[in-house]
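Structural features, examined
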Amino acid sequence: QNHVPKSYALSTSFFQPWIEAIVTDSSNNDYRRLLKGLITDSNELEQACETLKSQCMNLPLTNAQQSALDELSNIISSQFAHSLAAVRSSAIEEDGADMSYAGMFETELGVSSRNLEVAVRRCFASRF
């Protein structure tokens, strides 16, 4: 008997407001420099990525994002064994036709409904 755990996904539309906030923030020079390949020093690259990760942890939630997180929190609390979940990415960059980079981004295990937002943010921030 297979025991496949329940799973739920936040679509790319959930993350779009955060992506737009990062891309359109005129003070976000690190992102622009990363995109243009202007950061070549490894220490500077690491610092730019850490700055972007920090910004991701403080991006505002839209009402739709908050509703999605509230819904998932309720599901975790009521339907998941021990009321704990795993939060992981399923980004296009991780799964290709020719090769797999699964696990490239952060995975958060043992996430309670109370800690869901932080886990989702950490997973998103690990892109940088």
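Conventions adopted
- Here the residue numbers are simple positions, counted from 1 along each chain's written sequence.
- Given that the model is predicted, a residue must reach a pLDDT of at least 70 before its local features are reported, and side-chain atom pairs must reach 80 or more before they are shown or counted; all residues, however, enter totals for whole chains, interfaces and linings.
- Only hydrogens and water are removed before side-chain values are computed, so all heavy atoms of the structure are retained for them.
- Numbered from the N terminus, helices here are DSSP runs of H or I no shorter than four residues, and strands are runs of E no shorter than two.
- For each residue, the accessible area found with a 1.4 Å probe, counting protein chains only, is set against the maximum for its type, and the residue is called buried under 20%, exposed over 50%, and partly exposed in between.
- Here a residue-residue contact requires only that any non-hydrogen atoms of the pair lie within 4.5 Å.
- The predictor reports its confidence for every residue as pLDDT, a score running from 0 up to 100.
- We call Phe, Tyr and Trp rings a pair once their centres come within 6.5 Å, taking the six-membered ring for Trp, and we label the pair stacked below 30 degrees between planes, edge-to-face above 60, and tilted otherwise.
- Between N-to-C directions, angles cover 0 to 180 degrees, with each direction set by a line fitted to C-alpha atoms, over the stretch in contact for helices.
- Any angle between 65 and 115 degrees counts as roughly perpendicular, while under 35 counts as roughly parallel, over 145 as roughly antiparallel, and the rest as oblique.
- Left-handed is the label given to a crossing in which the near helix is rotated counterclockwise from the far helix by less than a right angle, and right-handed is the label when the rotation is clockwise.
- Amino acid classes used here: Ala, Val, Leu, Ile, Met, Phe, Trp, Tyr, Cys and Pro are nonpolar; Asp, Glu, Lys and Arg are charged; the rest, including Gly, are polar.
- For our purposes a nonpolar core is just a set of buried Ala, Val, Leu, Ile, Met, Phe, Trp, Tyr and Cys residues, chained together by side-chain atoms within 4.5 Å.

Helix and strand counts for the protein chain stand at 5 helices and 2 strands. Taken from N to C terminus, the helices and strands of the protein chain fall in the order α-α-α-α-β-β-α. Burial statistics for the protein chain: of 128 residues in total, 29% are counted as buried. If you take every contact in the protein chain between residues at least 6 apart in sequence, the share linking residues at least 24 apart comes to 60%.

Below, the discussion takes up the confidence of the model for the protein chain. On average, the protein chain scores 85 in pLDDT, and the residues at 70 or more come to 87%. At the level of individual helices and strands, the protein chain shows its lowest average pLDDT in helix α2 (residues 29–35), which scores 81, and its highest in helix α5 (residues 116–125), which scores 94.

Inspection of the entire model under this criterion finds 7 aromatic pairs. Taking the centre distance of 4.9 Å and the plane angle of 75° together, the rings of F14 and F15 count as edge-to-face. By way of ring pairs, the aromatic residues F14, F15, W18, Y31, F124 and F128 are connected into one cluster.

Take α5 next. Among the 10 residues that make up α5, 7 are buried, leaving the element largely enclosed by the rest of the structure. Taken together, the buried residues of α5 touch α1 (12–24), α3 (42–56), α4 (63–79), β1 (84–87) and β2 (108–112).

Another point: unusual backbone geometry. The backbone phi angle of S83 is positive, close to 55°, even though this residue is not glycine. Its location among the elements puts S83 in the loop between α4 and β1. Overall, S83 belongs to the partly exposed group, its relative accessible area being 29%.

It is the contact of α1 with α5, at a shortest axis distance of 12 Å, that shows an interaxial angle of 55°. The angle between the axes of α1 and α5 places the two elements in the oblique class. Where α1 crosses over α5, the two elements pack in a sense that is right-handed. Of the residues in α5, those touching α1 at F14, F15, W18, I19 and I22 are V120, R121 and F124. Of the residues that constitute the contact of α1 with α5, the class distribution is 7 nonpolar, no polar and 1 charged.

Moving on, we come to the nonpolar core. Generally speaking, soluble globular proteins have nonpolar side chains that are buried together. Residues W18, I22, V87, L116, V120 and F124 are the most contacted members of the largest nonpolar core, which totals 23 residues. Every element with two or more residues in this core is listed here: α1, α3, α4, β1 and α5. Examining the composition of this core, we find that 6 residues originate from one element, α5, more than from any other. Excluding residues that lie within four positions of it along the chain, F124 makes contacts with F15, W18, I19, I22, C56 and L59.

Attention now goes to the packing of α1 against α4. In the contact formed by α1 and α4, the axes pass within 10 Å of each other and the chain directions differ by 135°. By the angle between their directions, the pair α1 and α4 is classed as oblique. Viewed along their axes, α1 and α4 form a crossing whose handedness is left-handed. Contacts between α1 and α4 involve F14, P17 and W18 from the first element and Q65, A68 and L69 from the second. Of the residues belonging to the contact of α1 with α4, the class tally is 5 nonpolar, 1 polar and no charged.

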